Amino acid sequence: MIAIASDHAAASLRIVVKNYLEENNIPYVDMGTDEAPSDYPLMAEKVCAAIEDGTARMGVLLCGTGIGMSMTANKCKGIRAAVCTETYSAKYTRLHNDANVLCMGARVVGEGLALEILQTFLETGFEGGRHQRRVDMMMALEHTED
Ligand code: RB5
């Protein structure tokens, strides 16, 4: 299951992404929003909560730049969010960082490129090995209360 959300700046890209997921039979849950204006941290928090509780294995967060969504998501437990504006980063953030949230900016990438980035992100697996050690080191920096 892929959890997706956007703020008002990326509402139309969210529809394009949803259409892609439907056409490719990829299950998803749409966490909004259709409100305008809207505050992107609220949607980022919802998607990250869905990953943390196991409802979703990955998330897609869309805003104007992708940056606010990624900053917020990376404060949530267990999240490794990456802003991607081209396919090389989408490929390597999966291979090397085991990224579980893809962030994109609707004011940065066109719809066609956004779908290529999404496809690359979803189709690429984590390489593990030496990269697992580094991901473990990264996640050890997380401040948890439990
Ligand atoms: C909204 O205007 C914009 O600030 C938001 O979509 C996003 O780009 C923030 O990072």
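These numbers were taken from a predicted model, which means no experiment stands behind them.

Here is what the cut-offs are and how they apply
Residues numbered from 1 in each chain as written. Predicted model: local features only at pLDDT ≥ 70, side-chain atom pairs only at ≥ 80, totals over all residues. Heavy atoms only, no water. Pairing = 2+ DSSP bridges. Helix = DSSP H or I, 4+ residues; strand = E, 2+ residues; numbered from the N terminus. Axes fitted to C-alpha atoms, helices over the stretch in contact; angles between N-to-C directions. Contact = heavy atoms within 4.5 Å. Buried < 20%, exposed > 50% of the residue type's maximum accessible area, 1.4 Å probe, protein only. Near = heavy atom within 4 Å. Polar contact = N/O pair within 3.5 Å; in protein donor to acceptor, adjacent residues only side chain to side chain. Areas by Shrake-Rupley, 256 points an atom, 1.4 Å probe, with all protein chains shown as cover. Nonpolar A, V, L, I, M, F, W, Y, C, P; charged D, E, K, R; others polar.

**Considering the sheet that holds strand β5 (residues 101–105)**
In step 1: The strand order across the open sheet built from five strands is β2-β1-β3-β5-β4, with neighbouring strands paired in parallel fashion. Pairing within the sheet leaves two strands with one partner each, and these edge strands are β2 (28–30) and β4 (81–83). Looking at each pair of strands side by side, their axes are set apart by 20 degrees on average, direction ignored.
In step 2: Looking at chain direction, strand β3 (residues 58–63) and β5 are connected through five bridges and run parallel. From the neighbouring strand, Gly59 faces β5, where its bridge partner is Val101.
In step 3: Most of the contacts of helix α1 (residues 11–23) go to strand β1 (residues 2–6), to which it runs at about 160 degrees, and overall it touches β1, β2 and β3.

**Here's the deal with the environment of Gly54**
In step 1: In this structure, Gly54 sits in the loop between α2 (40–52) and β3.
In step 2: Residue Gly54 is classed as exposed on the basis of its relative accessible area, which comes to 56%.
In step 3: A C-alpha to C-alpha distance of 20 Å links Gly54 and Glu123, two positions 69 residues apart in sequence.

**With respect to the site of the ligand**
In step 1: In the vicinity of the ligand, the residues found are Asp7, His8, Ala9, Tyr40, Cys63, Gly64, Thr65, Gly68 and Arg107.
In step 2: A distance of 2.5 Å separates an oxygen atom of the ligand from a polar atom in the side chain of Asp7.
In step 3: Starting from 290 Å² of accessible surface for the ligand in isolation, the protein chains cover 72%.
In step 4: For the shell around the ligand, the per-class residue count stands at three nonpolar, four polar and two charged.

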